[in-house]
Amino acid sequence: MNIIITGASKGIGYDTALKLAENPENKILALSRNEQKVKELAVESDQIEYLVFDITSPDIDALLQKVEAMGGVDILLNNAGLLINKPFRQLTMSDWQRSFGTNILGVIGLIRTLLPYLEKSSNAHIINIGSMGGFQGSSKFPGLSAYSASKAAVANLTECLAEELKDQKIAVNCLAFGAVQTEMLETAFPGYQASLSSEKMAEWVAWFCLNGHQFFNGKILPVSVSTP
Ligand SMILES: NC(=O)c1ccc[n+]([C@@H]2O[C@H](COP(=O)([O-])OP(=O)(O)OC[C@H]3O[C@@H](n4cnc5c(N)ncnc54)[C@H](OP(=O)(O)O)[C@@H]3O)[C@@H](O)[C@H]2O)c1
């Protein structure tokens, strides 16, 4: 499979890229803004290529060059995310724009760009990483309104796209994560210890990327063993 992963410089994206690279038949294109980190990731496996890429101001030409060189795209893992932890009264419009710019508009932009390639795949799967904070009826936490609302948009987009793209055999699913021990969690809940490590979550995500479309389409799946 040819797989694109956003937010591959650390946390769940980094570990999922490594997990997917264990199968010699997978080729992975790892995207992030942090050149040093994605370069380090690519050193870990010959199957991992990297591109310095900001999903809020994407260099489409550079991306398409990499995609052509890879020979197309089967799987798009929209994993990059931004969490701003501030009470609603302190959130600025710029905070809202950054949150929605990264968490939903960045996802939309990448899907738009890569649809012509995904249409050509017989195993096309778009996986959008959501959050339990954006899952209807879940417990909510103070300070996370911009983040959670943007992740709720990711969940809804998933349902809409699955319907629109089903005739082209492109599956679209959303994994709504609960707490996973990463830098992001440490920012949101300082001192909190999640029972799931990033490496463990990456095992599930890697499996789901490759196989989930055979079982699910247009689903928002809570992947959580705790609250948060
Ligand atoms: N950890 C949790 O408990 C938890 C819970 C629910 C949902 N999630 C979701 O899971 C996903 C992965 O989270 P994580 O915990 O692994 O977070 P993380 O360790 O903070 O990593 C976030 C990744 O997103 C990338 N990113 C952020 N803004 C970007 C941009 N504009 N362009 C390109 N890449 C960007 C970062 O790369 P650069 O900074 O190098 O660009 C980084 O690789 C996120 O979508 C997050 O919202 C996590």
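Since the model is a prediction, treat every value here as computed from it, not as a measurement.

> Got a sec to walk through the overall build of the protein chain? Specific residues and values, please.
Helices and strands together make up the secondary structure of the protein chain, namely 7 helices and 7 strands. The order of α-helices and β-strands along the protein chain, N terminus first, is β-α-β-α-β-α-β-α-β-α-β-α-α-β. Its C-alpha atoms give the protein chain principal-axis dimensions of roughly 45 × 40 × 35 Å. Counting across all 228 residues of the protein chain, residues that qualify as buried make up 53%. Within the protein chain, residue pairs in contact and separated by at least 24 positions form 70% of the contacts whose partners lie at least 6 positions apart.

> Describe unusual backbone geometry, listing the residues and the values that go with them.
With phi around 60 degrees, lysine 169 is a residue other than glycine that occupies positive phi space. Summarising the element assignment, lysine 169 is placed in the loop between α5 (145-165) and β6 (171-177).

> Tell me about the sheet that holds strand β2 (residues 27-32), and name the residues and values.
Sheet architecture is open: 7 strands sit in the order β3-β2-β1-β4-β5-β6-β7, paired in parallel fashion. Pairing within the sheet leaves two strands with one partner each, and these edge strands are β3 (48-52) and β7 (220-223). For this sheet, the mean angle separating the axes of adjacent strands, direction not counted, is 20 degrees. In this structure, strand β5 (residues 125-131) lies alongside β6, joined through 7 bridges in parallel fashion. The residue of β6 that forms the bridge with histidine 125 is alanine 171. Running over the sheet, helix α2 (residues 35-43) touches β2 and β3 and is turned about 170 degrees from β3.

> Please provide a residue-by-residue account of the packing of helix α4 (residues 93-118) against α5, values included.
Axis separation between α4 and α5 bottoms out at 8 Å; the angle between their running directions is 20 degrees. Compared by their axis directions, α4 and α5 come out roughly parallel. The two elements α4 and α5 meet at a crossing, and its hand is right-handed. On α5, the residues that touch Trp96, Ser99, Phe100, Asn103, Ile104, Val107, Ile108, Ile111 and Leu115 of α4 are Ser145, Ala146, Tyr147, Ala149, Ser150, Lys151, Ala153, Val154, Leu157, Leu161 and Leu165. In terms of residue class, the contact of α4 with α5 is made up of 15 nonpolar, 4 polar and 1 charged.

> Account for the site of the ligand, naming residues and giving values.
Taken together, the neighbourhood of the ligand is formed by 29 residues, with Ser9, Arg33, Asn79, Tyr147 and Thr182 sitting nearest. The contact in question runs from an oxygen atom of the ligand to an N or O atom on the side chain of serine 32, over 2.8 Å. Here a nitrogen atom of the ligand sits 3.0 Å away from a polar atom, N or O, in the main chain of isoleucine 55. The protein chains hide 94% of the 880 Å² of surface that the ligand would expose on its own.

> Can you break down the packing of aromatic side chains residue by residue, with the values?
Taken as a whole and assessed by the stated rule, the structure comprises 8 aromatic pairs. Grouping aromatic residues by their ring pairs yields a cluster made of Trp204, Trp207, Phe208, Phe215 and Phe216. Just above the ring of tyrosine 117 sits the side chain of lysine 120; from NZ or CZ to the centre is 5.6 Å.

> Let's hear about helix α3 (residues 60-70): which residues, and what values?
Listing the buried residues of α3 in full gives Ala62, Leu63, Val67 and Met70. Around the axis of α3, the buried residues are gathered within 135 degrees of arc, so they sit on the same side. In α3, the exposed positions angled more than 90 degrees off the buried face are occupied by Asp61, Gln65, Glu68 and Ala69. Against the buried residues of α3 lie β1 (2-6), β2, β3 and α4.

Basis of the calculations
- Numbers given for residues are sequential positions, taken from 1 along each chain in its written order.
- This being a predicted model, a pLDDT of at least 70 is required before a residue's local features are given, and a value of 80 or more before pairs of side-chain atoms are given or counted; all residues contribute to the totals for chains, interfaces and linings.
- Hydrogens and water molecules were not included; the side-chain quantities draw on all heavy atoms of the structure.
- Put simply, DSSP H or I for four residues or longer makes a helix, DSSP E for two residues or longer makes a strand, and each gets a number counted from the N terminus.
- Burial status follows relative accessibility: with a 1.4 Å probe on protein chains alone, a residue under 20% of its type maximum counts as buried, one over 50% as exposed, and anything between as partly exposed.
- Contacts between residues were defined by any pair of non-hydrogen atoms, one from each residue, lying within 4.5 Å.
- Strands pair, by our definition, only if DSSP identifies at least two bridges between them.
- Every axis corresponds to a line fitted to the C-alpha atoms, with the helix fit spanning only the stretch in contact, and the corresponding angles, defined between N-to-C directions, vary from 0 to 180 degrees.
- The labels follow the angle: roughly parallel below 35 degrees, roughly antiparallel above 145, roughly perpendicular from 65 to 115, and oblique for the rest.
- Working rule for handedness: look at the near helix, and if it is turned counterclockwise from the far one by less than a right angle, call the crossing left-handed; if clockwise, right-handed.
- Just so you know the grouping, Ala, Val, Leu, Ile, Met, Phe, Trp, Tyr, Cys and Pro go in nonpolar, Asp, Glu, Lys and Arg go in charged, and all remaining residues, Gly too, go in polar.
- Residues are counted as near a molecule or strand when any one of their heavy atoms sits within 4 Å of it.
- Contacts described as polar in this section are N or O atom pairs within 3.5 Å, which, within protein, must combine one atom able to donate a hydrogen with one able to accept it, while residues neighboring in sequence count only if both atoms come from side chains.
- Throughout, the Shrake-Rupley method with a 1.4 Å probe supplies accessible areas, and for residues the shown protein chains are the sole cover considered.
- Planes of paired rings set the category: under 30 degrees apart is stacked, over 60 is edge-to-face and the rest tilted, where pairs are Phe, Tyr or Trp rings (Trp by its six-membered ring) whose centres lie within 6.5 Å.
- We call a charge positioned over a ring when the NZ of a Lys or the CZ of an Arg lies within 6 Å of the ring centre and within 35 degrees of the ring normal.
- Think of it as the arc spanned by the lines of direction from the helix axis to the C-beta atoms.

Shape descriptors only; they carry no functional weight alone.
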